[in-house]
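For reference, the chains in residue letters:
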Amino acid sequence: MSVESIKRLGGWLQVRTLAHPDRGELQLDTVLSAFSDPVRRRIVDQLADGPDDQACSAFQLPVSKSTSTHHFRVLREAGVIEQRYSGTSILNTLRAADLEARFPGLLKAVLQAARDETPSPTAERL
């Protein structure tokens, strides 16, 4: 995390920012590693289907808060998501355009495969 100072009328405002790789810095191995965990794929799937800028608290994950923080960090550092502070919340956005530009079709294939692996509610009853 870094802190940037921005001059405002009457003083300075400090803004917390999080480091993200640029589009050209995205590495296939790092992105695939980020996609390798089912909890992280669940986060990506929710971001792909939901509104932009979802707070970390909007995700109902089957892990502790510290573990979910780890998963969000892995996704951010791989360049899969963008995170930004909004007050005391961290908002998450899927970097779909960057992933598509760098690795065409990868995000769509990962999301489709994850959805195909998820058993339907009727299959669980059989």
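Predicted model only: the values in this text are computed from it and were never measured.

Peer 1: Would you take a moment to explain helix α2 (residues 38–49) for this structure?
Peer 2: Because each turn of an α-helix spans 3.6 residues, side chains separated by three or four positions end up pointing in the same direction. With twelve residues, α2 should cover 16 Å at 1.5 Å per step; its first-to-last C-alpha distance of 16 Å lies within 8% of that length. Among the residues making up α2, those that are buried are Val39, Arg40, Ile43, Val44 and Leu47. End-on view of α2: buried residues confined to an arc of 140 degrees, all on one side of the axis. Exposed positions of α2 whose direction lies more than 90 degrees from the buried face are Pro38 and Asp49. Residues of α2 that are buried sit in contact with α1 (28–35), β3 (54–55), α3 (65–78), β4 (81–86), β5 (89–94) and α5 (106–117). Sitting at the amino-terminal end of α2 is aspartate 37, which places a side-chain oxygen 2.8 Å from the backbone nitrogen of valine 39.

Peer 1: What am I meant to see in the packing of α2 against α5 here?
Peer 2: Pairs of packed helices are described in terms of their axes, by the angle between the two and the distance that separates them. Closest axis-to-axis distance for the α2/α5 pair is 10 Å, and the angle between their directions is 110 degrees. Viewed along their axes, α2 and α5 adopt a mutual orientation that is roughly perpendicular. Like other packed secondary-structure pairs, α2 and α5 cross with a definite hand, here left-handed. Within the contact between the two elements, α2 uses Arg41, Val44, Asp45, Ala48 and Asp49 and α5 uses Leu107, Val110, Leu111, Ala114, Arg115 and Glu117.

Peer 1: Which parts of the structure should I look at to understand the sheet that holds β5?
Peer 2: Pairing between sheet strands relies on hydrogen bonds along the backbone, with the strands arranged either parallel or antiparallel. Strand order in the open sheet formed by three strands is β3-β5-β4, and the pairing between neighbours is antiparallel. Among the strands making up the open sheet, the edge pair consists of β3 and β4. Relative to β5, β3 is paired through two bridges, and the arrangement is antiparallel. Counted as the bridge partner of alanine 55 is leucine 91 from β5. α2 rests against β3, β4 and β5 of the sheet, and its axis sits at about 80 degrees to β5.

Peer 1: Just to check I follow, could you spell out the packing of α2 against α3 for this structure?
Peer 2: One way to put it is that α2 packs onto α3 with a least axis distance of 10 Å and a crossing angle of 70 degrees. One element, α2, and the other, α3, form an angle in the roughly perpendicular class. Pair α2 / α3 crosses with right-handed handedness. Every residue of α3 that contacts α2 at Val39, Arg40, Ile43 and Val44 is listed here: His70, His71, Phe72, Val74 and Leu75. Class assignment for the residues of the contact of α2 with α3 results in six nonpolar, two polar and one charged.

Conventions and cut-offs
- Residues numbered from 1 in each chain as written.
- Predicted model: local features only at pLDDT ≥ 70, side-chain atom pairs only at ≥ 80, totals over all residues.
- Heavy atoms only, no water.
- Helix = DSSP H or I, 4+ residues; strand = E, 2+ residues; numbered from the N terminus.
- Expected span 1.5 Å × (residues − 1).
- Buried < 20%, exposed > 50% of the residue type's maximum accessible area, 1.4 Å probe, protein only.
- Arc of directions from axis to C-beta.
- Contact = heavy atoms within 4.5 Å.
- Polar contact = N/O pair within 3.5 Å; in protein donor to acceptor, adjacent residues only side chain to side chain.
- Axes fitted to C-alpha atoms, helices over the stretch in contact; angles between N-to-C directions.
- Parallel < 35°, antiparallel > 145°, perpendicular 65-115°, else oblique.
- Left-handed = near helix turned anticlockwise from the far one by under 90°.
- Pairing = 2+ DSSP bridges.
- Nonpolar A, V, L, I, M, F, W, Y, C, P; charged D, E, K, R; others polar.

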